[in-house]
Amino acid sequence: AQSVTQPDIHITVSEGASLELRCNYSYGATPYLFWYVQSPGQGLQLLLKYFSGDTLVQGIKGFEAEFKRSQSSFNLRKPSVHWSDAAEYFCAVGSGGGYQKVTFGTGTKLQVIP
Amino acid sequence: DTGVSQDPRHKITKRGQNVTFRCDPISEHNRLYWYRQTLGQGPEFLTYFQNEAQLEKSRLLSDRFSAERPKGSFSTLEIQRTEQGDSAMYLCASSLDGRRSNEQFFGPGTRLTVL
C-alpha cells in the first residue's frame with residue numbers, strides 16, 4: 001500500500017529565510033508525487049508534481065522539489081519565504097495510470113514570522 | 001474553466017439528520033473523487049467515479065454514506081443518520097482522462113459540523 005510521511009507537523013520560519021519541508025513516501029513502483037498547499041477556507045492547490053524525467057521539479061510561487069529515489073523522498077524547497085506562504089502543505093503519492101488513487105500525508109503547517 | 005465548485009460551503013446539523021452535498025466538477029472532466037479531511041489530517045479518499053460509474057469505494061465509506069453521479073456531470077454525497085464522528089471537511093476533486101499525470105483539481109470543500 002502506498003503511504004506518505006511528513007515528519008514535521010509545524011514549522012516556523014522568518015520572512016526571507018529559506019524553507020525545506022520534508023516528505024517520505026512508500027510505493028512499490030515509480031510514484032507520481034505531488035505537493036499541494038491549502039490556505040484557511042480554501043481548497044487544495046497544486047504546487048508541483050513529478051512523474052518522470054528531471055528529478056528537480058519547478059512549481060508555482062517559486063517552489064521546487066527534488067525526487068530522490070534512493071531516499072524515497074520528495075522534499076519541497078523555497079529559497080526565500082514570503083508572509084503569504086503561511087499555509088498548510090501536503091505531500092501526496094499517486095498510483096498513476098488510468099485511475100489516480102492519491103494518498104496524502106498529514107500535512108505541515110507553515111508559520112511565517114516578520 | 002470555472003474550477004470545481006461545492007455546495008454548501010458549510011453545514012451544521014444535528015446528530016441523526018441526513019445531509020447531502022453537491023459537487024460540480026470542471027466541465028470536461030470525466031473523473032470525480034470525494035475525500036474527507038479531519039482536523040490535523042490530510043484528505044482521505046472516499047470514492048471515485050469515472051463518468052457515471054462509481055468504480056471504487058473506500059472502507060471509510062460506511063453504509064450510511066452514498067454517492068451518485070447520475071449523468072456523469074455533478075455528483076452528490078449523502079450521509080444518513082449523521083454522527084458526531086462525521087464532522088469533517090468533505091472535498092471533491094475532478095480530473096480528465098488521458099492526461100498522463102491525472103492531476104486532480106480540488107474544490108473548496110464542504111465543512112460539516114454535527115452537533
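Up top you'll find the structure we're talking about.
Just so it is clear, the structure is predicted and the values come from calculations on it, not from any experiment.

Helix and strand counts for chain A come out as zero helices and 12 strands. By the compact-globule yardstick of 13 Å for 114 residues, chain A fits well, its C-alpha radius of gyration being 14 Å. Taking the principal axes of the C-alpha coordinates as reference, chain A spans close to 45 × 30 × 25 Å. Out of the 114 residues in chain A, the part that is buried amounts to 47%. Considering only contacts in chain A between residues 6 or more positions apart, those separated by 24 or more positions represent 54%. Carbon and sulfur atoms provide 50% of the accessible area of chain A, an area that totals close to 5200 Å². Side-chain charges in chain A split into 9 positive and 8 negative, and the spacing between the mean points of these groups amounts to 7 Å.

Now for the state of the cysteines. All names here are of chain B. Taken as a whole, this structure holds two disulfides over all chains when the rule is applied. Here Cys23 connects covalently by a disulfide to Cys92, the sulfurs 1.8 Å from one another. In this structure the cystine formed by Cys23 and Cys92 twists about its S-S bond by roughly -65 degrees; its chirality is therefore left-handed. One end of the pair, Cys23, is in strand S3 (residues 19-24); the other, Cys92, is in strand S9 (residues 88-95), and 69 residues separate them in sequence.

Quick look at the nonpolar core now. The tendency in soluble globular proteins is for nonpolar side chains to be buried as a group. All names here are of chain A. Residues Leu19, Trp35, Leu47, Leu48, Phe74, Leu76 and Tyr89 are the most contacted members of the largest nonpolar core, which totals 26 residues. Listing elements by their share of this core, those giving two or more residues are strand S2 (10-14), strand S3 (19-21), strand S5 (32-38), strand S6 (44-50), strand S8 (64-68), strand S9 (73-78), strand S10 (87-94) and strand S12 (108-113). With four residues, the top contributor of residues to this core is S10. If sequence neighbours within four positions are ignored, Leu19 has contacts with Ile11, Val13, Phe63, Leu76, Arg77, Lys78, Val81 and Leu110.

All told, the structure shown has 15 aromatic pairs over all chains when counted by the stated rule. Look at Phe104 of chain A and Phe106 of chain B: their rings are 5.9 Å apart centre to centre, the planes differ by 80 degrees, and that puts the pair in the edge-to-face class. Taken together, the residues span two chains, with Phe104 of chain A in strand S11 (residues 102-104) and Phe106 of chain B in strand S10 (residues 105-106). Under the relative-accessibility criterion, Phe104 of chain A is labelled buried at 9%.

Basis of the calculations
- Residues numbered from 1 in each chain as written.
- Chains lettered and ligands numbered in written order.
- Predicted model: local features only at pLDDT ≥ 70, side-chain atom pairs only at ≥ 80, totals over all residues.
- Heavy atoms only, no water.
- Helix = DSSP H or I, 4+ residues; strand = E, 2+ residues; numbered from the N terminus.
- Rg over C-alpha atoms; globule rule 2.2 N^0.38 Å.
- Buried < 20%, exposed > 50% of the residue type's maximum accessible area, 1.4 Å probe, protein only.
- Contact = heavy atoms within 4.5 Å.
- Areas by Shrake-Rupley, 256 points an atom, 1.4 Å probe, with all protein chains shown as cover.
- Lys, Arg positive; Asp, Glu negative; His and termini not counted.
- Charge placed at Lys NZ, Arg CZ, Asp CG, Glu CD.
- Disulfide = S-S within 2.5 Å.
- Core = buried A, V, L, I, M, F, W, Y, C linked by side-chain atoms within 4.5 Å.
- Phe/Tyr/Trp six-rings, centres within 6.5 Å; stacked < 30°, edge-to-face > 60°.

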